[in-house]
Amino acid sequence: MNISQQISTTPFLDQKPGTSGLRKAVTVFQQPHYLENFIQSIFDSLEDLQGQTLVLGGDGRYYNRQAIQIILKMAAANGVGRIKVGQGGILSTPATSCIIRKYQALGGIILSASHNPGGPDGDFGVKYNISNGGPAPEKVTEAMYARSKVIDRYQILEAPDVDLETLGESRMGDMVIEVIDSVEDYEKLMESLFDFDRIRQLLTSGNFRMCMDTLHAVAGPYAHAIFEQRLGAPAGTVRSGIPLEDFGGGHPDPNLVYAHELVDILYGENAPDFGAASDGDGDRNMILGRKFFVTPSDSLAVLAANAKLVPGYSSGLAGVARSMPTSQAVDRVAAQIGIECYETPTGWKFFGNLLDANKATLCGEESFGTGSNHVREKDGLWAVLFWLNIIAVRQQSVEQIVREHWKTYGRNYYSRHDYEGVDTDQANTLMENLRSLVPTLKGKQFGKYQVEYSDDFSYTDPIDGSVSNKQGIRIGFTDGSRIVVRLSGTGTQGATLRIYLENYESDPAKHDLDTQQALASLITLAEQIGQIRNSVGREQPTVIT
Ligand code: G1P
Ligand code: ZN
């Protein structure tokens, strides 16, 4: 007989979910009651939890397994009817979204700090997704936060740990625990969207080689199953495919800096035709051709322009959506096709309503996130399959496809400069100063740039009318160029300042410039207007993507 216990606790005052769930250092989560308080706050803010189904899994990082055992015991004590948990505690973020939707679960808990490093000194995180499969919207996370500030008890069942390795059902109190294959449902969904036969032909033809680096994170098992087993790519196509608790000591973020081993391969001798990487929880992606990098903003635009070539999207797109800092490359595609392009604040949760209402089919963020209405999260492997499907149909290289795209639509030179771990007060002061400057900029001329508009981005959701203010400073110029400045909502140390730079070039003769060079005068201008380096005491950005 399992005994449900009521444990007294006191609130932690820092359990405010950020851009993507509650993300803290592992040591913070390991404090007595810390995880339990937040999980109980989630349960307390859900209506009708009794007898419902939840999905549970994580990216395999350090503390994943311990957290899963605690959450299972708390779910049982809180009256959850059934929990589907990924084998070994493993579920990627997009797979969780897929499973919530497929089995009409009430929601899901994803244990991940996404691309942040893992291990005892790394980060951990908890995200709650709602019944549409997407991240909880702000009003839900606000309710959780409000609850966490007054919580005084949590419920947990006294029970032995659950075997997470063996597939199948068992019981804990009145709750059924179902250990499910982490990959199967997701793989079926991919198969329903893409032309697997054609991709298989491409990958087994002998004249196309790909390399997928999953950075020792959650997408490894998915990539092995789909690319190597199902689609016939040779063994070894997937690199760093075994999830490790500390991601092998690396930073599981698919960009030019952190996925440098893959970059070296794609820019080296005898490089493969296609390279891709994914992040800690499998929702981000980076796409590379041979000696060629596709910016995430361009990737979204290329997918939108070629969507009709892919079975799951052959009937056309209802609309597209991008986060505000993402480049306007996709806007040009939308304008040409004659569909709406929505501009939302940073964070996938803002796409949910548009996807549910069928106003957008594809969406993306400059931060290596691309996805569609097939789930309610961004989806790394989905993006890779989408590219492979396009390549298989067009029989062109990544570079040819992107260059033709620029020829048709023009090129949006784009880069993001991050200043990581800066002093929080200094960062806030800089944002305050910019905010007060913003109303004075309109019409001003800076060299060749004239300010067309400048504001602190505010978004009114077209479906439910909810308003999100202070989403980042935008300075737009009459030639379509932009400077955007915002503070990260996912960092765990000090503040991270992000400067987004975009410069549009219609002339194909000027599509071969180095990105930083093409943006040089805009970079100088951002510095001139924002006094960024001075304000945060840095000589240069920490990461340039
Ligand atoms: C970052 C990205 C954002 C993404 C989020 C979660 O958030 O900028 O686009 O949705 O991670 O992956 P930020 O740290 O900027 O708040
Ligand atoms: Zn992620």
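Anyway, here's the lowdown on the structure attached to this text. (Residues numbered from 1 in each chain as written. Chains lettered and ligands numbered in written order. Predicted model: local features only at pLDDT ≥ 70, side-chain atom pairs only at ≥ 80, totals over all residues. Heavy atoms only, no water.)

## Description of the coordination of the zinc ion (ligand 2)
For a metal bound by four donors in a tetrahedral arrangement, the ideal donor-metal-donor angle is 109.5 degrees, while six donors in an octahedral arrangement ideally sit at 90 or 180 degrees.
And step 1. Protein coordination at the zinc ion (ligand 2): the donors are Ser114 (OG), Asp279 (OD), Asp281 (OD) and Asp283 (OD), at 2.0 to 2.1 Å from the metal.
And step 2. Coordination geometry of the zinc ion (ligand 2): the four donor atoms subtend angles of 88 to 165° at the metal centre, consistent with an arrangement described as irregular. (Donors = N, O, S within 2.8 Å, 3.2 Å for Na, K, Ca; no water. Tetrahedral: all angles 85-135°; square planar, octahedral: opposite > 155°, others 65-115°.)

## Some points on the site of ligand 1
And step 1. Surrounding ligand 1, one finds 14 residues, the nearest of these being Ser367, Arg486, Gly489, Thr490 and Arg498.
And step 2. A distance of 3.0 Å is found between an oxygen atom of ligand 1 and a side-chain nitrogen or oxygen belonging to Arg284.
And step 3. When grouped by side-chain class, the residues that make up the shell around ligand 1 number no nonpolar, seven polar and seven charged. (Near = heavy atom within 4 Å. Polar contact = N/O pair within 3.5 Å; in protein donor to acceptor, adjacent residues only side chain to side chain. Nonpolar A, V, L, I, M, F, W, Y, C, P; charged D, E, K, R; others polar.)

## Thoughts on the packing of helix H10 (residues 296-306) against helix H13 (residues 380-394)
And step 1. At a minimum axis distance of 11 Å, the contact between H10 and H13 shows a crossing angle of 50°. The angle between the axes of H10 and H13 places the two elements in the oblique class. Here the hand of the crossing between H10 and H13 comes out left-handed. Note on element contacts: H13 touches H10 through Trp382, Phe386, Trp387, Ile390 and Arg394, opposite Ser299, Val302, Leu303 and Asn306.
And step 2. For the contact of H10 with H13, the per-class residue count stands at six nonpolar, two polar and one charged. (Axes fitted to C-alpha atoms, helices over the stretch in contact; angles between N-to-C directions. Helix = DSSP H or I, 4+ residues; strand = E, 2+ residues; numbered from the N terminus. Parallel < 35°, antiparallel > 145°, perpendicular 65-115°, else oblique. Left-handed = near helix turned anticlockwise from the far one by under 90°. Contact = heavy atoms within 4.5 Å.)

## Notes on unusual backbone geometry
And step 1. Phi at His216 takes a positive value of approximately 55°, unusual for a residue other than glycine.
And step 2. Locating His216 in the fold gives a position in the loop between strand E10 (210-213) and helix H8 (219-230).
And step 3. According to the relative accessible area criterion, His216 is partly exposed, its value standing at 24%.
And step 4. Of note in this structure, Phe368 is not a glycine but carries a positive phi near 65°.
And step 5. As for its placement among the helices and strands, Phe368 is situated in the loop between strand E17 (362-365) and strand E18 (369-372). (Buried < 20%, exposed > 50% of the residue type's maximum accessible area, 1.4 Å probe, protein only.)

## Details of the nonpolar core
And step 1. Ranked by size, the top nonpolar core spans 69 residues in total, and within it Phe227, Phe274, Trp382 and Trp387 carry the most contacts.
And step 2. In this structure Trp382 touches Tyr186, Met190, Leu193, Phe194, Leu303, Tyr313, Leu362, Thr370, Gly371, Ser372 and His374, once residues within four positions along its chain are discounted.
And step 3. In terms of nonpolar packing, the next biggest core, distinct from the first, is built from 46 residues, Val85, Met144, Ile156 and Met175 among them. (Core = buried A, V, L, I, M, F, W, Y, C linked by side-chain atoms within 4.5 Å.)

## Let's talk about the pattern of salt bridges
Two side chains that carry opposite charge are able to pair once their charged atoms sit near each other.
And step 1. Across all of its chains, the model carries 36 salt bridges by this definition.
And step 2. The closest approach of N and O atoms between Arg322 and Glu343, which form a salt bridge, is 3.1 Å. Within this pair, whereas Arg322 is found in strand E15 (residues 319-323), its partner Glu343 is found in strand E16 (residues 340-344), the two being separated by 21 residues in sequence. (Salt bridge = Lys/Arg side-chain N within 4 Å of Asp/Glu carboxyl O.)

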